[in-house]
Amino acid sequence: MQHKNKVKVPFLDLKRVNAPYKEMFKKSFERFLDSGWYIKGSAVTAFEKAFANYCGTSYCIGVGNGLDALTLILKAYVALGRIKEGDEVIVAANTYIATILAVKQANLTPVLVEPDAASFNLDPQRIEAQCSTHTKVILPTHLYGQLADMEAISAIAKKRGLLVIADAAQAHGAMTTSGARAGSLCDAVGFSFYPTKNLGALGDGGAVTTNDSALAAIIRSMANYGSTSKYVNDIIGVNSRLDEVQAYFLLEKLKDLDKNNDRRRAIAKQYFNKIENEKIKKPHVKSWENHIFHVFVIQITNRDEFCLYLDQEEIGYLIHYPIPPHHQKALIEFKDLELPITEKIHSEVISIPLYPEMTINEIERVIEVLNAY
Ligand SMILES: Cc1ncc(COP(=O)(O)O)c(C=O)c1O
């Protein structure tokens, strides 16, 4: 079928996302180059302060990437004696594999719990049945940009004396209805600044936010060879630092994060109002502040056929994610788990284009093509 408004719609165009910053970035880069100081400089310090302030936390520690942010939080809690190697960490079974890898890297035991089928987030109703005497942490992911039910999760954690650590790699700026940001809703939060994220660098980057001064101090040291002052090493550390040049770029982009999240929400609202096709299930939105639409994920039963149709119509898409973690070869120990909700989600989800720089024509084309399916 031919559509009158036939434009090719990429899933995401990062060149377009970063184009408005080109001149600013060139100036920032010149400042960076001329500073002669390329690691752990004033831009990292300024970004850490700005991001902590944005999230409403006392501390932000820039690290190498989102996986390291989560791994360092967990390892730091082990170093502080709050948890010990082998302890169990509750995660959503449908999270991106990095959440589970972080748990494994810290020599802890991931416990995969089915998500809520509507919100795709960790289902608080299922957590307690999976808790044992070894459970010490609940680690929800704010998947696709929507906050997990932190109130219910925190209540369980409080009752059982567990830590809550959130994976907010996809949720920069998501807010509760009372105005608290994702970065401030639990003991510690890990962020990724991978270029495709709502707050994306031009390379790898990550951060931890927390109000816990002891945790912040140990992560800062652990991410820098375990060093407390130059050439003094108290613990075994790694090298995982937010790059100075990325901090310059992130400082610029942080200023527009709320505006860009609002634009994402406005596009999502158009999709909600105008996509009408009984074969397509739109995502469940608990509240609009809670969701920053990192991706707009629809569900469809005959996904392969739908993908071919989108290919023909030149509409970009991605699948977040095609293989559930427990079916990945890397996580062979979970292969016998029965997780029907997770498996159904992985077989039906597909993400359609949604990013702030999309044109009206592109948005309308996506709607038209989906309605014509
Ligand atoms: C939910 C989630 N957790 C963790 C990560 C890991 O972040 P990074 O790629 O910066 O290591 C990502 C990034 O893709 C993610 O989406």
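Residues numbered from 1 in each chain as written. Predicted model: local features only at pLDDT ≥ 70, side-chain atom pairs only at ≥ 80, totals over all residues. Heavy atoms only, no water.

Asker: Could you give an account of helix α10 (residues 257-274), with specific residues and numbers?
Answerer: Taking 1.5 Å of rise per residue, the 18 residues of α10 would be expected to cover 26 Å, and the 26 Å separating its terminal C-alpha atoms lies within 8% of that figure. Those residues of α10 that are buried are in contact with α3 (42-55), α9 (244-254), β10 (296-299), β11 (349-352) and α13 (360-371). (Helix = DSSP H or I, 4+ residues; strand = E, 2+ residues; numbered from the N terminus. Expected span 1.5 Å × (residues − 1). Contact = heavy atoms within 4.5 Å.)

Asker: Explain the site of the ligand residue by residue, including any values.
Answerer: In the vicinity of the ligand, the contacting residues are Asn65, Gly66, Leu67, Tyr96, Ala98, Thr141, Asp167, Ala169, Gln170, Ser192, Lys197 and Tyr321. Contact between the ligand and Asp167: a nitrogen atom at 2.6 Å from a side-chain N or O atom of the residue. A total of 390 Å² of accessible area belongs to the ligand in isolation, and the protein chains cover 89% of it. Each residue belonging to the shell around the ligand can be placed in one class, and the counts come to 5 nonpolar, 5 polar and 2 charged. (Near = heavy atom within 4 Å. Polar contact = N/O pair within 3.5 Å; in protein donor to acceptor, adjacent residues only side chain to side chain. Areas by Shrake-Rupley, 256 points an atom, 1.4 Å probe, with all protein chains shown as cover. Nonpolar A, V, L, I, M, F, W, Y, C, P; charged D, E, K, R; others polar.)

Asker: Talk me through unusual backbone geometry; I want residue IDs and the actual numbers.
Answerer: In this structure, the amide linkage connecting His320 to the following residue, Tyr321, adopts the cis form with an omega of 15°. Within the secondary structure, Tyr321 is located in the loop between α11 (303-313) and α12 (340-348). Unlike most non-glycine residues, Tyr144 shows phi in positive territory, near 65°. Structurally, Tyr144 is set in the loop between β4 (135-139) and α7 (150-160). For Tyr144, a relative accessible area of 4% translates into the label buried. Even without glycine at this site, Phe293 takes up a positive phi of about 45°. Structurally, Phe293 can be placed in the loop between α10 and β10. (Buried < 20%, exposed > 50% of the residue type's maximum accessible area, 1.4 Å probe, protein only.)

Asker: Could you give an account of the domain arrangement of the chain, naming the residues involved and the relevant values?
Answerer: What the domain assignment lists for the chain is domain 1 (18-114 + 121-254) and domain 2 (256-371). Tallying the contact residues gives 34 residues for domain 1 and 34 residues for domain 2. Each partner contributes to the roughly 2900 Å² buried at the junction of domain 1 and domain 2, and carbon and sulfur atoms together form 56% of this total. For domain 1, the biggest contributors to the area lost against domain 2 are Glu114, Tyr144 and Asn198; these three give 26% of the whole. Where domain 1 meets domain 2, there are 3 salt bridges. Among the secondary structure elements, those contributing two or more residues to the side of domain 1 that touches domain 2 are α5 (97-105), β3 (109-113) and α9. Partitioning the side of domain 1 that touches domain 2 into residue classes produces 15 nonpolar, 11 polar and 8 charged. (Domains from an automatic or database assignment. Buried area = accessible area lost by both parts, 1.4 Å probe. Salt bridge = Lys/Arg side-chain N within 4 Å of Asp/Glu carboxyl O.)

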